Amino acid sequence: VHTAGSGGAIFAKVGQLSVIDSTITGNNAAGQATGGAIGLDATTSATVIGSTVNGNSSGGAGGLVAGTGGSRIGVGGDILLGNTGMLSKTCSGVGFRDLGYNVRDGSNCSTGATTRVVASDADVDLQGLAQNGGLTRTERITRKSAAHDFVPDTAKLGGKTFCAGQDQRGVP
């Protein structure tokens with residue numbers, strides 16, 4: 001998806017945005033727009049849990065997320081790779097909270113104690129977007145991935161046990 005406005009994949013203007021067990025990949029906020037994957041307005045808060053956010057870009061700042069005013073985002077149990085914005089800014093103008101157990105590249109977003117920062121995207125061994133079961137295409141990891149079995153079964157993210165439900169494909 002290519003957009004002339006902020007938020008190449010998602011733009012949230014008011015309220016609360018929840019992204020759970022999803023794949024957001026290959027989006028671009030064109031021109032000087034910000035937030036290659038997610039753009040947030042001043043009154044918006046967002047939570048991204050158990051998702052893959054990979055290969056998004058913006059002509060402005062915030063390849064992963066950009067926001068204005070008091071916007072904020074929390075991420076947990078996610079794979080966050082290759083999201084690029086102007087001046088290498090991955091996160092811009094938004095309160096960023098690491099909820100833990102993310103696997104991410106060396107971007108400028110803050111990092112919590114349980115998050116794993118990888119030396120290169122190759123360490124995650126993320127496969128291309130494909131039909132891996134379920135109704136939508138996903139980017140799967142292999143057994144040698146730095147993300148494989150990284151989140152403990154008992155981890156609590158967003159107030160819920162992380163591995164208690166199903167993934168994007170509908171698989172437990």
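See the structure above.
Here we summarise the structure given alongside this text. In this text, all values refer to a predicted model and were calculated from it rather than measured experimentally.

### Notes on the environment of cysteine 109
- Here cysteine 109 shows up in the loop between strand E13 (103–104) and strand E14 (116–117).
- In this structure cysteine 109 comes out as buried when scored by relative accessible area, which is 6%.
- Those residues within four positions of cysteine 109 in sequence are excluded, and the remaining contacts are Leu64, Thr90, Cys91, Phe96 and Arg104.

### Examining the nonpolar core
- Ranked by size, the top nonpolar core spans 19 residues in total, and within it Ile38, Leu40, Leu64, Val65 and Ile73 carry the most contacts.
- It is strand E5 (residues 38–49) that contributes the most residues to this core, four residues altogether.
- Not counting residues within four places of it along the chain, the set of residues in contact with isoleucine 73 comprises Ile38, Leu40, Ala46, Val48, Val65, Val94, Gly95, Phe96 and Arg97.
- Counting residues in each nonpolar core, the second largest holds nine residues, with Ile79, Val124, Leu126 and Phe150 among its members.

### Remarks on the packing of aromatic side chains
- On inspection of all chains with the given rule, the structure shows one aromatic pair.
- For the pair tyrosine 101 and phenylalanine 150, a centre-to-centre distance of 6.0 Å together with 65 degrees between the ring planes defines the contact as edge-to-face. Taken as a pair, tyrosine 101 in the loop between strand E12 (95–100) and E13 and phenylalanine 150 in the loop between E14 and strand E15 (156–157) lie far apart in primary sequence, 49 residues in all.
- Using a relative accessible area of 22% as the deciding quantity, one classes tyrosine 101 as partly exposed.

### Details of the side chain of aspartate 78
- You can see aspartate 78 is positioned in the loop between strand E9 (72–76) and strand E10 (79–81).
- Contacts of aspartate 78, omitting those with residues within four sequence positions, involve Val48, Ile49, Gly50, Ser51, Tyr101, Asn102 and Val103.

Conventions used here
Residues numbered from 1 in each chain as written. Predicted model: local features only at pLDDT ≥ 70, side-chain atom pairs only at ≥ 80, totals over all residues. Heavy atoms only, no water. Helix = DSSP H or I, 4+ residues; strand = E, 2+ residues; numbered from the N terminus. Buried < 20%, exposed > 50% of the residue type's maximum accessible area, 1.4 Å probe, protein only. Contact = heavy atoms within 4.5 Å. Core = buried A, V, L, I, M, F, W, Y, C linked by side-chain atoms within 4.5 Å. Phe/Tyr/Trp six-rings, centres within 6.5 Å; stacked < 30°, edge-to-face > 60°.

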